[in-house]
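Listed below are the residues making up each chain.
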Amino acid sequence: MSLLPTATSTDVQELQPRVAVLPVGSFEQHGTYLPLITDTAIACVIAQEIAAAYPVHLLPPITVSCSHEHAAFPGTVSISARTLYAVIDDIRASLARSGIHKLVIVNGHGGNYVLSNVVQEANVDGPTVSLFPLGPDWDRAREYGGLESDRHADMHAGEIETSILLHAAPELVREGYDEPDHDSRQRPFLLVQGMAQYTRSGVIGFPSLATAEKGKTVLESLRSSFSAHFDVLCRLS
């Protein structure tokens, strides 16, 4: 799969989008069978689904973010929350100079808590930034896709992430995803002690339940759910 948009400047000029879509992923461990770029790949897949259905300006992804809770696992790289905030602030300013004043942040990593503050502060004077998908969007997608696990139990490298990649980028999924299910429902000090305190494999969830068909229907649901975010951003502009 290609993670980068291929539009030309002429394409954007003809489309004249009012909304830009920015995928934000991470570079962090996802067990032995999913790559470090998993969250980036998923954010890009969702953003590409959106761009295929709505008149938006698709941006390339931010590929390193706030993965500090995964630091004990080899390969994980993080930036600070303040750096992520600053990068998005710069992107928004650049978009505004080109006449695009609305931004959707497609977040692929649950640890990017600062993105909620980015949105909170950006919308003080009116809707300009939306964060997608939100928890209810994910819950609807799980129900629509027939997933057996819930969002809390299937936290990381589990049924939903593996299903999306089995559908959209199967070449990224290695053998063995049907074996390392790990249930760690109680993890009260995850941000204090890190992921390694709650899982040896890096997995918290149920990848053995994953199928490409589930991934397809999850993406269909998210594409549909996005319409509400698009409408809220564009309603008053």
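Reading the values: rules and limits
- Residues numbered from 1 in each chain as written.
- Predicted model: local features only at pLDDT ≥ 70, side-chain atom pairs only at ≥ 80, totals over all residues.
- Heavy atoms only, no water.
- Helix = DSSP H or I, 4+ residues; strand = E, 2+ residues; numbered from the N terminus.
- Rg over C-alpha atoms; globule rule 2.2 N^0.38 Å.
- Disulfide = S-S within 2.5 Å.
- Buried < 20%, exposed > 50% of the residue type's maximum accessible area, 1.4 Å probe, protein only.
- Pairing = 2+ DSSP bridges.
- Axes fitted to C-alpha atoms, helices over the stretch in contact; angles between N-to-C directions.
- Contact = heavy atoms within 4.5 Å.
- Salt bridge = Lys/Arg side-chain N within 4 Å of Asp/Glu carboxyl O.
- Patch = residues over 30% accessible without salt bridge, like charges linked within 9 Å, V, L, I, M, F, W, Y side chains within 5 Å.
- Areas by Shrake-Rupley, 256 points an atom, 1.4 Å probe, with all protein chains shown as cover.
- Lys, Arg positive; Asp, Glu negative; His and termini not counted.
- Charge placed at Lys NZ, Arg CZ, Asp CG, Glu CD.
- Phe/Tyr/Trp six-rings, centres within 6.5 Å; stacked < 30°, edge-to-face > 60°.
- Right-handed = clockwise from strand over helix to strand, strands pointing away.

S.K.: I tried to follow the overall build of the chain on my own but got confused; where do I start?
M.R.: Along the chain, the regular secondary structure elements total 8 helices and 4 strands. The linear arrangement of helices and strands in the chain, starting from the amino end, is α-β-α-β-α-β-α-β-α-α-α-α. Against the compact-globule benchmark of 18 Å for 237 residues, the chain has a radius of gyration of 17 Å, which places it among compact chains. Principal-axis analysis of the C-alpha atoms places the extent of the chain at approximately 50 × 35 × 30 Å.

S.K.: Where do I start with the state of the cysteines in this structure?
M.R.: Working definition: the covalent bond between the sulfur atoms of two cysteines is a disulfide. Per the stated rule, a full pass over the model turns up 0 disulfides. Cysteine Cys66 remains unbridged, with the sulfur of Cys44 as its closest cysteine sulfur at 17 Å. The exposure class of Cys66 is buried, given its relative accessible area of 6%.

S.K.: Quick question: what am I supposed to make of the sheet that holds strand S4 (residues 129-132) here?
M.R.: Within a sheet, each strand pairs with its neighbour through backbone hydrogen bonds, oriented either parallel or antiparallel. Read across the open sheet, the 4 strands follow the order S2-S1-S3-S4; overall the sheet is parallel. Because the sheet does not close on itself, it has two edges, and the strands there are strand S2 (56-58) and S4. When the angles between neighbouring strand axes are averaged without regard to direction, this sheet yields 25°. As paired strands, strand S1 (residues 19-24) and strand S3 (residues 102-107) are joined by 6 bridges and run parallel to one another. The partner of Leu22 across the bridge, within S3, is Ile105. Docked against the sheet, helix H8 (residues 212-234) engages S1, S2, S3 and S4, running at close to 165° with respect to S4.

S.K.: Would you explain the environment of Ala53 in this entry?
M.R.: When you line up the elements, Ala53 lands in helix H2 (residues 38-53). A residue is classified by how much of its surface remains accessible, and Ala53, at 42% relative accessible area, is partly exposed. Sequence-wise, Ala53 and Phe226 are 173 residues apart; in three dimensions their C-alpha atoms are separated by 9.7 Å.

S.K.: Looking at this structure, how should I read the pattern of salt bridges?
M.R.: Oppositely charged side chains can form a pair if their charged atoms are brought close together. The final tally for this structure, using the stated rule, is 9 salt bridges. Of the charged contacts, one joins Lys214 and Glu159 as a salt bridge, the two residues approaching to 2.8 Å between their closest N and O atoms. With Lys214 in helix H8 and Glu159 in helix H6 (residues 159-168), this pair connects stretches of sequence that are 55 residues apart. With respect to burial, Lys214 and Glu159 carry one shared label: buried. A salt bridge links Asp183 to Arg185, with the nearest nitrogen and oxygen atoms 4.0 Å apart. Taken together, the salt bridges that share partners define one network made up of Glu148, Glu159 and Lys214.

S.K.: Quick question: what am I supposed to make of a negative patch on the surface here?
M.R.: On the surface, Glu175, Asp178, Glu179 and Asp181 cluster together to form a negatively charged patch. Along the chain, the position of Glu175 falls in the loop between H6 and helix H7 (190-193).

S.K.: Help me out: how do you make sense of the packing of aromatic side chains in this one?
M.R.: Aromatic ring pairs: the centre-centre distance and the angle between the two ring planes describe each pair. In this structure the tally under the stated criterion is 4 aromatic pairs. Taking 4.9 Å as the distance between ring centres and 75° as the angle between the ring planes, the aromatic pair formed by Tyr54 and Phe226 counts as edge-to-face. Within this pair, whereas Tyr54 is found in the loop between H2 and S2, its partner Phe226 is found in helix H8, the two being separated by 172 residues in sequence. Overall, Phe226 belongs to the buried group, its relative accessible area being 0%. Between Phe132 and Phe226, the ring centres sit 5.4 Å apart and the planes meet at 80°, which makes this aromatic pair edge-to-face. Taken together, the positions of Phe132 in strand S4 and Phe226 in helix H8 put the pair 94 residues apart, joining distant regions of the chain. Each member of the pair, Phe132 together with Phe226, is buried. What links up through ring pairs into an aromatic cluster is the set Tyr54, Phe132, Phe226 and Phe230.

S.K.: What am I meant to see in the pairing of S3 here?
M.R.: Look at any regular strand and the pattern is simple: side chains alternate between the two faces of the sheet. S3 sits mainly inside the fold: 6 of its 6 residues count as buried. The side-chain alternation of S3 yields two buried faces, one formed by Lys102, Val104 and Val106 and the other by Leu103, Ile105 and Asn107. Pairing of S3 with S4, which is carried by 4 bridges, proceeds in the parallel orientation. Paired with Val104 across the bridge in S4 is Ser130. In this view, the connection linking S3 to its parallel neighbour S4 by way of helix H4 (residues 114-122) has right-handed handedness.

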